[in-house]
Amino acid sequence: MRNSMNIILVNLSVADLLFLLVGTTTKFVNVIYSPVVGDSFFCQCFLTIPLVNVATFASLLFVSLISVERYIAVCKPHQYLQYTCHRLTLAYVTCVWISSFALTICLLPSTMDFVSVCIIWPSTSAYANFPAKVGLCEAISDFWSSVNECVQIFPFFISLLLNILCFVKIMSRLYAGRVLLSFTARQTAQQDSQVKRRHKHSTHAATRMLIINGVAFFVLATPFHVTSAIQFFENYLSEWSCGCRELKDISVLLLYVNSAVNPFIYGMTNRTYRKAYYSVFSRSQHSSGASWNTVATTDDQNNRRITNV
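Residues numbered from 1 in each chain as written. Predicted model: local features only at pLDDT ≥ 70, side-chain atom pairs only at ≥ 80, totals over all residues. Heavy atoms only, no water.

Under the annotation held in an unreviewed UniProt entry, the protein chain carries the name G-protein coupled receptor 39 and is attributed to Holothuria leucospilota. Database annotation for the protein chain, UniProt heading Subcellular location (unreviewed entry): "Membrane". As its UniProt record puts it under Sequence similarities (unreviewed entry), the protein chain is described as follows: "Belongs to the G-protein coupled receptor 1 family." (UniProt positions renumbered as here; feature names shortened; annotations may be inferred.)

Next up, the structure:
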């Protein structure tokens, strides 16, 4: 399973874990820290929000990178090994992380102004434990607030269009049944048709899994960015308001679901991943090792035959 696709998936998992750990921890601390929704603390403006942004951009870019990788594997098999060798894959992954950090740095001025607001609450028992000061992470100017919205919205919709294009081309090629091996691979497959069938089935299974994963990603993430785009235009159309505050809260919850759902998709759609899960979590150490060896041996044989292309 140590191929270019799984290298990208490992990094996507790291980005999802970073989003879940930092995001949920921040929410949990906020609930304990203050009963006021949106009350922030100082390090949140300079640490937790940037880390969440890094994870968000990285997840988006890794999903897009996976779609491009599958597009090359299915639609341009002759060039697959040329563009997805181990060294190039590591370079792609490094570029994604660097780009994510660069985009996050661009957004720092939109959250780095920590503002303390004094609030006089009604003198009733319901507000007895409410703080007199509330902290907010604000942009240093309205310009940077607009930049924050644009940088978060437009890359997402550009990636959405790119993924739709890749999905359409991949599905049309799979439907037509024209997933071909390169010339050398066809010669090898003539000698051993079982290898050809196994490789084709493996390619199709991995492609279906990643298409379902990509569709789930955009289905769960689109509501958040749509509501963000609506709120962005509301700033310039003061006479119009959609009243989509509740929808925005639900869309944030879907983002957390989005970061947690990938392993379940892998297990439900790919037999190799189910075997790998079983080998990792099996109670019997002996059977676990045997199961893992079976999966690894099969993949190693396939990789050796395909690498000779």
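I'm lost on the overall build of the protein chain in this one. Help?
Counting secondary structure elements, the protein chain contains eleven helices and two strands. Starting at the N terminus and walking to the C terminus, you meet the elements of the protein chain as α-α-α-α-β-β-α-α-α-α-α-α-α. A burial count over the protein chain gives 41% of its 309 residues as buried. The long-range fraction of contacts in the protein chain, counting pairs at least 24 apart against all pairs at least 6 apart in sequence, stands at 77%. (Helix = DSSP H or I, 4+ residues; strand = E, 2+ residues; numbered from the N terminus. Buried < 20%, exposed > 50% of the residue type's maximum accessible area, 1.4 Å probe, protein only. Contact = heavy atoms within 4.5 Å.)

In this structure, what is going on with a nonpolar patch on the surface? I would like to understand it.
Among the surface-exposed residues, Phe28, Val29, Ile32 and Tyr33 lie close enough to one another that they form a single nonpolar patch of about 440 Å² accessible area. The exposure class of valine 29 is partly exposed, given its relative accessible area of 33%. (Patch = residues over 30% accessible without salt bridge, like charges linked within 9 Å, V, L, I, M, F, W, Y side chains within 5 Å. Areas by Shrake-Rupley, 256 points an atom, 1.4 Å probe, with all protein chains shown as cover. Salt bridge = Lys/Arg side-chain N within 4 Å of Asp/Glu carboxyl O.)

Please clarify how the state of the cysteines should be interpreted in this entry.
A covalent bond bridging the sulfur atoms of two cysteines is what the word disulfide describes. Tallied over the full model, the rule gives one disulfide. For cysteine 45, the disulfide goes to cysteine 137, at an S-S distance of 1.9 Å. As the torsion about the S-S bond is roughly -85°, the cysteine 45-cysteine 137 disulfide counts as left-handed. Of the two residues, cysteine 45 sits in helix H2 (residues 42-75) while cysteine 137 sits in strand E2 (residues 133-138), which places them 92 residues apart along the sequence. The two residues cysteine 45 and cysteine 137 agree in class, both being buried. (Disulfide = S-S within 2.5 Å.)

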